[in-house]
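Each chain, written out:
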Amino acid sequence: MIAAMLNRERINSPNYDQGLLWVVLILLGIGLVMVYSASIVIAESDKVLGNNSSYYLVRQGVFIAVSISAAFVVFNIPISWWQKMAPYLFLLGLAMLLLVLIPGIGRVVGGSRRWLSLFVINLQPSEFMKLFAAMYVADYTVRKAGKMDSFTQGFLPMVAVMVLVGFLLLREPDFGAFAVIAAISISILWLGGINGKIFAGLLALLPVAIVGLIWSSPYRMQRVIGFMDPWADPYGKGYQLSHALIAFGRGEWFGVGLGASVEKLLYLPEAHTDFLLAVIAEELGFVGVLTIVGLFSWIVIRAFGIGKESIANERYFGALLAQGLGVWIGVQGIINMGVNMGLLPTKGLTLPLLSFGGSGILANCIAMAILLRIDFENRRLQKGLPV
């Protein structure tokens, strides 16, 4: 009888990770509120937007609604389909990165050519390339499992592909997206069993490559100089960072109150996108920032937990993809937070699931739907049910 009750309880248990779903929805909700708070003055002062204070709120609300709808569709697609389509999606991502660089097709904003104009919205291919790269590297690692110890047959082909991706991203330029994709790829290769000596050599070369990229680009060098001492030129190179730090300082433990930020009053550039965390810090204080960090930590920990469960079920593509998605959210979140806090040089990376932007929200929601699908299939297998 006890065995029957336990079996019935196992069968009737939730088919998906409800905690993970709620964390994602809470982050989306916090993002909607904070984007509105951070963008009210920006929208009111912009004649092009019709001085409409709710402009960014409405658009972000639409982005979230569309993204959740897309995530629902994606959740119902088996992981085996994504594995089969991984190479083709990766080629699609490369094609979009090429299109962005073509004058007249790629749209230039703020000196960077990162967007494809779809009339109603601007599509940012690099956001989707993070997802496609995670899928491709996971599929590649599974297919080449027997050759991952080989430098020429296992490691070199992947490096060649990622160098191509890096070249296209740096032409935009989008160093931040390249850093995230590199982190995803390296992590999946390591988790997939790449030779330890090759991995150690790769890690040793990374600092050299990063220094070379910074040294070869005047605008990156200027950002590093501004990062090293933002107060040396607070009205020039250090303007953005100095105002972000002021926002953090004003927030103290519990913040100045929702909507009461001073820095968002046209002092802090990109307050509703790249520097949304600074507004959160000012209005909600250390407690608010700690809450955001805790919610992101939950996603990353669960992603690796889901990956571990997939390994136990011998579903290696799902395991590597889940862990790669966790690395994506974790690394991009750390970089954005580090930039806001003055721990890293300024990069054009948004805070996942929170910052304003249709492409980012859509790609993040699709990634979370796939993560939930991997967990769903794990639970079905554990119950002895068909996937």
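Residues numbered from 1 in each chain as written. Predicted model: local features only at pLDDT ≥ 70, side-chain atom pairs only at ≥ 80, totals over all residues. Heavy atoms only, no water.

Considering the nonpolar core
In this structure, Leu27, Leu131, Ile292, Ile299, Leu321, Leu325 and Ile370 are the most contacted members of the largest nonpolar core, which totals 104 residues. Top element by residues in this core is helix H11 (residues 276-312). It accounts for 13 residues. Both domains that meet at this core, namely domain 1 (16-76 + 219-386) and domain 2 (84-216), each give it at least three residues. When sequence neighbours within four positions are dropped, the list of residues in contact with Leu27 reads Ile292, Leu295, Phe296, Ile299, Leu353 and Leu354. (Core = buried A, V, L, I, M, F, W, Y, C linked by side-chain atoms within 4.5 Å. Buried < 20%, exposed > 50% of the residue type's maximum accessible area, 1.4 Å probe, protein only. Helix = DSSP H or I, 4+ residues; strand = E, 2+ residues; numbered from the N terminus. Domains from an automatic or database assignment. Contact = heavy atoms within 4.5 Å.)

Here's the deal with helix H10 (residues 239-251)
Taking 1.5 Å per residue, 13 residues should reach 18 Å; H10 reaches 19 Å between its end C-alpha atoms and fits that length. Looking at H10, one finds that the buried residues are Gln240, Leu241, Ser242, His243, Ala244, Ala247 and Gly251. (Expected span 1.5 Å × (residues − 1).)

Here we look at the sheet that holds strand E1 (residues 106-109)
Ordered by their spatial adjacency, three strands build an open sheet running E1-E2-E3, and the pairing between neighbours is antiparallel. Two strands lie at the open edges of the sheet, namely E1 and strand E3 (122-123), each paired on one side alone. Note that E1 and strand E2 (residues 112-117) share four bridges and pair antiparallel. Residue pairing for E2: Gly106 is matched across the bridge by Leu116. (Pairing = 2+ DSSP bridges.)

What about the packing of helix H6 (residues 151-171) against helix H7 (residues 175-191)?
As a packed pair, H6 and H7 sit with axes 9 Å apart at the nearest point and diverge in direction by 165 degrees. Considering the angle they form, H6 stands roughly antiparallel to H7. Crossing hand, H6 versus H7: right-handed. Listed contacts from H7 to Met158, Met162, Val165, Gly166, Leu169 and Leu170 of H6 are Phe175, Ala177, Phe178, Ile181, Ser185 and Leu189. Here the contact of H6 with H7 is built from residues that sort into 10 nonpolar, two polar and no charged. (Axes fitted to C-alpha atoms, helices over the stretch in contact; angles between N-to-C directions. Parallel < 35°, antiparallel > 145°, perpendicular 65-115°, else oblique. Left-handed = near helix turned anticlockwise from the far one by under 90°. Nonpolar A, V, L, I, M, F, W, Y, C, P; charged D, E, K, R; others polar.)

Section: the pattern of salt bridges
Opposite charge on two side chains permits them to pair, given that their charged atoms come into close proximity. Counted under the stated rule, the structure contains 10 salt bridges. The closest approach of N and O atoms between Glu127 and Lys130, which form a salt bridge, is 3.3 Å. Note that Glu127 and Lys130 are positioned in helix H5 (residues 125-143) at a spacing of three residues, about one turn of the helix. Residue Glu127 is classed as buried on the basis of its relative accessible area of 4%. The network of salt bridges with common partners includes Asp17, Arg302, Glu309, Asp375 and Arg379. (Salt bridge = Lys/Arg side-chain N within 4 Å of Asp/Glu carboxyl O.)

Thoughts on a nonpolar patch on the surface
A cluster of nonpolar residues, Trp253, Phe254, Phe286, Val287, Leu290 and Val293, forms a patch on the protein surface that exposes about 640 Å² of accessible area. Position of Trp253 relative to the elements: it lies in the loop between H10 and H11. Since its relative accessible area comes to 57%, Trp253 is described here as exposed. (Patch = residues over 30% accessible without salt bridge, like charges linked within 9 Å, V, L, I, M, F, W, Y side chains within 5 Å. Areas by Shrake-Rupley, 256 points an atom, 1.4 Å probe, with all protein chains shown as cover.)

Brief notes about the domain arrangement of the protein
One can read the domain layout of the protein as domain 1 (16-76 + 219-386) and domain 2 (84-216). Relative placement of domain 1 and domain 2: their C-alpha centres are 21 Å apart. At the interface, 30 residues of domain 1 touch 32 residues of domain 2. Taken over both partners, the interface formed by domain 1 and domain 2 buries close to 2,500 Å², and the fraction arising from carbon and sulfur atoms is 76%. For the interface between domain 1 and domain 2, the tally reads zero salt bridges. Across the contact surface, domain 1 and domain 2 share three residue pairs in polar contact (both at pLDDT 80 or more). Mapped by element, the contributors of at least two residues to the side of domain 1 that touches domain 2 are helix H3 (55-75), helix H9 (218-228), helix H12 (316-340) and helix H13 (358-382). At 12 residues, H12 tops the list of elements feeding residues into the side of domain 1 that touches domain 2. (Buried area = accessible area lost by both parts, 1.4 Å probe. Polar contact = N/O pair within 3.5 Å; in protein donor to acceptor, adjacent residues only side chain to side chain.)

Points about the packing of aromatic side chains
Counting across every chain of the model gives nine aromatic pairs. Centre to centre, the rings of Tyr136 and Tyr140 are 6.3 Å apart; their planes meet at 35 degrees, and the pair counts as tilted. You can see Tyr136 and its partner Tyr140 sitting in helix H5, four residues apart, about one turn around the helix. For the pair Phe151 and Phe155, a centre-to-centre distance of 5.6 Å together with 40 degrees between the ring planes defines the contact as tilted. Of this pair, Phe151 and Phe155 both sit in helix H6, four residues apart, which is roughly one turn of the helix. Judged by relative accessible area, which is 44%, Phe151 ranks as partly exposed. Residue Phe155 is classed as buried on the basis of its relative accessible area, which comes to 8%. Three or more aromatic residues joined by ring pairs make a cluster, and in this case those are Tyr55, Tyr56, Phe63 and Phe356. (Phe/Tyr/Trp six-rings, centres within 6.5 Å; stacked < 30°, edge-to-face > 60°.)

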